[in-house]
Structure formats: structure tokens, C-alpha cells
Amino acid sequence: MPCPSSCPPGLLALMAPGLALLATFSLSSQAGDRRALPVEKPPGVKGRTLILLDVNTKSPVRIISENFLSLQLDPSIIHDGWLDFLSSRRLVTLARGLAPAFLRFAGKRTDFLQFHNVKNPAKTRGGPGPDYYLKNYEDARSLDKLYNFADCSGLHLIFALNALRRNPNNSWNSSNALSLLKYSASKKYNISWELGNEPNNYRTLIGRSVNGSQLGKDYIQLRSLLQLIRTYSRANLYGPNIGRPRKNVIALLEGFMKVAGSTVDAVTWQHYYIDGRVAKVTDFLKTRLLDTLSDQIRKIQKVVNTYAPGKKIWLEGVGATSAGGMNNLSDSYAAGFLWLNTLGLLASQGIDVVVRHSFLDHGHNHLVDQNFNPLPDYWLSLLYKRLIGPKVLAIHVAGLQRKPRPGRVIRDKLRIYAHCTSYHNHNYVRGSITLYIINLHRSRKKIKLAGTLRDKIVHQYLLQPYGKEGLHSKSVQLNGQPLAMVDDGTLPELKPRALRAGRTLVIPPLTMSFYVVKNVNALACRYR
């Protein structure tokens, strides 16, 4: 099936007084090390807002997947009819900007979709029309459109199969899945697979639960099916895609890992930043909300490392709220603080892949709206893809500290992460590093690069809201210039602002920014 005209042939799966400097600034080779560095006031430094920053450039503390930032399409996008809109040149251009990445096709509707190997189910069945069937069926034409979209965009498709087709003994009925697998194999589609979505919610959905042990057996059954089909004998399989790791969910994961821990290529879970808590724009500025993810990471890692040490872990499905977000909030500039911190935290903790829910038009957590207009988190993701490589570097910071008041924790509002600059970005030679910084303070902060970063030319990419809406804005500006697509086939050039060597970095209040430190010749970043 041909790609939109813009798709190249064969393209597949691109201090304020008293600031406390805590964990974000001090990464060690041991995950979870949260010791702050001892600091002294450097001679001659008078400004209390000055922070000294250096990066360990000798070796990375983590190496994540090239597809670290990946995307999800929710099956709910088919409720208005066929998936023909995925052929849109504009949509392909936007998706291609975030390649290389995985494209996961999954969501709450996953476990209600059935596959029928017909091109037009409405005509075949004499039913009321395609929209009716596409609410409950995944037909061959829709699968073709979905795969072609991923192929043309340079994304690798991950398809989640229906896990709620059950036999009387509660084992998985794989007959419909086998039909889909055989069709995909006949088309030589390069797809990875999953089974179900949030199995911990099945009792709520249908009044019938599936425990971890049974789910593990189901995955082993699916692996056996894949091995019987030559095209998929070595296909990757991911799961179990559990929800937030509460006590009952952890029990499900433990049961699953005991049975099928060696069967999956990565263990997956979902995280949404608390139902209903994100009620106003200032909530996105609360460090307590940003930090809720850390505890969940530790819980998942503990179980996985108990049963399958070294197994990769993915966060598959992340957003502000599980209900699809909130209008004028989770699709605004302010939501970017949550998203960029999520990326930095996951990478520093060694999570291999994070899948953003959703790429397109699902609630208000999406990157692209229903009119195919990129939202602030899209531009943030595009900058991340262009500038950030898979090697994570340790950061060392010195500045002013104070002891917290009794019973009170001082939470840092200036968050700094460092990676080797992306090898795919030919504007920078290997050995360059990229810092990305979140300033949640309502005042500007000054950072002086020290050590190996001293007296180097820096390229600034400062992302700020555009328009009178401020933090509520759905438009952004880069270094003072509004970002918008040039045309349906062209993304804008992301132009940096060059800062002279040795200049202090001034971080405006309530902003997100990237800084490429050129020609550092970092040993950790010279080779892939």
C-alpha cells in the first residue's frame, strides 16, 4: 500500500534563597541514590541565585532504548468510522518527526475488538454500516491502514490482542487472535505483540477476573502461537501492561512473573498522575505530584528483579489522568512540566521505553488534536527527539542549602537532567552533551557551567508559552519564535540561540529548556 506522497519509499522502523539541591541534581550509578552533594560557597560568588553545574562525561550511568520516547494510539479513534484519516500527509509528517519510536495500538477498547478478515464488514454482513462494526471489530482494511501509517512514519507497530475472549475454564481463547496473526503474516507485516490491556481492571469491565498465574499461561500460549507462524517466530512480546502498582496489582504481577517472566521481552505497566487531582493549572507545578512516579518505579523494579533480574521495564501508557486528561489543562503548556520530568526521571532510573498515551485525539492527553494540530507536548517531544540521545549522564551541582524546618521536606523545583546529544542530529559533533532543565520557581535561576563544561559554546532551546493564555496556552514559542508547521509535509526548523562561551545560563521562571554544550568531546558520548 503506498504511503502519502511525502513518505520516502521503504522508510521503516528518528536559587531562590534557601534552595535545597536534592535528588534531581545528584545521579549515581546506583538507582535510587538520593544523597545531595556537600557544597561550599565558591570564592568570589556573591549572588545567592548562582548554581554551579558539572557533568560526569567519562561514562554513562544508564543507556536507554533508541525508541525511548514512543507513542500510543487508542482503539477509540476508530469510533467515527474507518481509519482512512491515518493516510493524512500532515499526520504522517507529525508522526515521522518523532521517529524512531514504537507505535502501540492499545487501550480500554483492546479487549472488546475482534478481527474479521474482510475488507468491508458492513457489506459482508448486511449490517447497519461500517461505524457500527468498527466499534467492535478490527477488519483487514483498518489493519492495513494502521500498519501503513506506522510504516510510512518510521514507527514500529505493537498490536495488543483481545485477552477477554475466554473459554469456559477461563483460559484464553486464541482463535480470533490466530486469524489476525495469519492475515498479518500473509502481508509480511513486521509487528510486535501484546495481550490485553490493564488486566487488573477486568473484574470492573466484565465482572470476571484473570489472575496473574492464568495471565502468564495465556502469554505462554501466545508465544507458542507466534512460534508456529514463521513471520512471527522471533517477534517481540510485551506485557502484562498492568495499572498502578497497588497491592492487588503487585500480586497480579508477581503471579505473572513466576509463570511467564522469561516469556516476555519487556515487562510493562501504566501510570497516570492520580485521578481528579489535576484540577487546576498550578497543580502541574507541585513537586509532590511530579514525584509520585518514583515510588511506583521502585515497586515495579523490585518485583521484576526478584523473578527476572535484568529484564527490561517499559512504562506503557502515561498521562495526566487515566480518564484522558482535562480540557485546557493536560493539553496545555503547563502539562509539559509533568511530561518532561517523566522523561527525565524514567531515563535516570533505567526504564527502557516510555509510551505516551496518546499520540492523537484521545481525551486531552494527546500530542496532536483532532484537527491534526500539534499541541505543546508535541513540540516538547520533538525537541527531545532531536536533541536527546540514549546515554544518561550523572550531574554534579553545588549551590546554597539550608536545613529544612522540623517535619518539613524541602522539594526541589529546579530539575536538571543530562544526556549525550542525539547521534541523529548532524548539527552537533559526537561528544556534545544536552542538558534539559525544568524551572518550577516563579523567579529566574542562574546556572554557571563548571568543570568539563566550562568555557564551551552553548546552544539554547528555550520553550515558553505563546499568547495571552500563559500556562494555559496551547501554542508555544522557541527562543521567542512561535512554532507551527510550515505546511502539511514540513515541520519548522528548530533554531537554537547561540550563547557565548562561559556565559551564565539564565533560566526564566516557569519554563522548560534544552542546552546543547558543544564540543565537550565527552568520552561517554563519542561512540554509539
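See the structure shown above.
Small disclaimer: the values here were computed from a predicted structure and weren't measured.

Peer 1: Report on the nonpolar core, specifying residues and quantitative values.
Peer 2: Counting 128 residues, the largest nonpolar core has Trp193 and Phe359 as the members making the most contacts within it. It is helix H11 (residues 335–348) that provides the largest number of residues to this core, a total of nine residues. When neighbours within four sequence positions are excluded, Phe359 is seen to be in contact with Leu71, Gln72, Leu73, Leu91, Leu94, Ala95, Leu98, Phe149, His366, Leu367, Val368 and Tyr378. Membership of the second largest hydrophobic core comes to 26 residues, among which are Leu449, Leu453, Val458 and Leu505.

Peer 1: Provide a residue-level description of the state of the cysteines, including the pertinent values.
Peer 2: As enumerated under the stated definition, the model contains one disulfide in all. Covalent S-S linkage joins Cys420 and Cys525, the inter-sulfur distance amounting to 2.0 Å. Here Cys420 and Cys525 share a disulfide; its torsion about the S-S bond, -80°, makes the bridge left-handed. Here Cys420 is found in strand S15 (residues 414–421), whereas its partner Cys525 is found in the segment after strand S23 (511–517), with 105 residues between them in sequence. By relative accessible area, which is 1% here, Cys420 ends up buried. For Cys525, a relative accessible area of 1% puts it in the buried group.

Peer 1: Could you give an account of the pairing of strand S4 (residues 101–105), with specific residues and numbers?
Peer 2: Among the five residues of S4, five are classified as buried, and the element is accordingly described as predominantly covered. Burial of S4 is two-sided: the residues Ala101, Leu103 and Phe105 facing one way and the residues Phe102 and Arg104 facing the other way are all buried. Bridge count for strand S3 (residues 69–73) against S4 is three bridges, and the pairing is parallel. Bridging from a neighbouring strand, Leu71 pairs with Leu103 of S4. Taken together, the five bridges between S4 and strand S7 (residues 155–161) define a ladder with parallel strand orientation.

Peer 1: Lay out the sheet that holds S4 with the relevant residues and their values.
Peer 2: A barrel is described by the order of its strands in space; here eight strands give the closed sequence S3-S4-S7-S8-S9-S10-S11-S12, paired in parallel fashion. Neighbour-to-neighbour, the strand axes of the sheet open up by a mean angle of 30°, direction not taken into account.

Peer 1: Describe a nonpolar patch on the surface, and please don't skip the residues or the numbers.
Peer 2: A surface patch of nonpolar side chains, about 230 Å² in accessible area, is lined by Phe112, Leu205 and Ile206. Tracing the backbone through its elements, the reader meets Phe112 in the loop between S4 and strand S5 (114–116). A relative accessible area of 34% places Phe112 in the partly exposed class.

Peer 1: Describe in detail the environment of Gly431, supporting the description with residues and values.
Peer 2: Position of Gly431 among the secondary structure elements: in the loop between S15 and strand S16 (433–439). Exposure remark for Gly431: the relative accessible area of 1% places this residue in the buried category. Spatially, the C-alpha atoms of Gly431 and Cys420 are 7.2 Å apart, while their sequence positions differ by eleven residues. Filtering out sequence-adjacent residues up to four positions away, Gly431 remains in contact with Val520, Asn521, Ala522, Cys525 and Arg526.

Peer 1: Quick rundown of unusual backbone geometry? Include the residues and the values.
Peer 2: Geometrically, the link from Ala99 to Pro100 is a cis peptide bond, its omega value of 0° lying close to zero. If you trace the backbone, Pro100 turns up in the loop between helix H1 (89–96) and S4. Cis geometry is adopted by the peptide bond preceding Ser358, which originates at His357 and carries an omega value of 15°. Position of Ser358 relative to the elements: it lies in the loop between strand S12 (353–357) and helix H12 (376–387). One non-glycine residue with positive phi stands out, namely Asn170, at about 75°. Here Asn170 lies in the loop between S7 and helix H5 (175–186). Owing to a relative accessible area of 18%, Asn170 belongs among the buried residues under this scheme. Positive phi values are uncommon outside glycine, yet Asn241 reaches one of about 55°. As for its position among the elements, Asn241 is in strand S9 (residues 237–242).

Peer 1: I'd like to hear about helix H4 (residues 140–153), residue by residue, with values.
Peer 2: With 14 residues, H4 ought to run about 20 Å at 1.5 Å a step, and its terminal C-alpha atoms sit 20 Å apart, in line with that. Among the 14 residues that make up H4, 13 are buried, leaving the element largely enclosed by the rest of the structure. N-capping of H4 is provided by Asp139, with a side-chain oxygen placed 3.2 Å from the backbone N of Arg141. One or two positions beyond H4, positive phi appears at Gly154, with a value near 75°.

The rules we used
Residues numbered from 1 in each chain as written. Predicted model: local features only at pLDDT ≥ 70, side-chain atom pairs only at ≥ 80, totals over all residues. Heavy atoms only, no water. Core = buried A, V, L, I, M, F, W, Y, C linked by side-chain atoms within 4.5 Å. Buried < 20%, exposed > 50% of the residue type's maximum accessible area, 1.4 Å probe, protein only. Helix = DSSP H or I, 4+ residues; strand = E, 2+ residues; numbered from the N terminus. Contact = heavy atoms within 4.5 Å. Disulfide = S-S within 2.5 Å. Pairing = 2+ DSSP bridges. Axes fitted to C-alpha atoms, helices over the stretch in contact; angles between N-to-C directions. Patch = residues over 30% accessible without salt bridge, like charges linked within 9 Å, V, L, I, M, F, W, Y side chains within 5 Å. Areas by Shrake-Rupley, 256 points an atom, 1.4 Å probe, with all protein chains shown as cover. Salt bridge = Lys/Arg side-chain N within 4 Å of Asp/Glu carboxyl O. Expected span 1.5 Å × (residues − 1). Polar contact = N/O pair within 3.5 Å; in protein donor to acceptor, adjacent residues only side chain to side chain.

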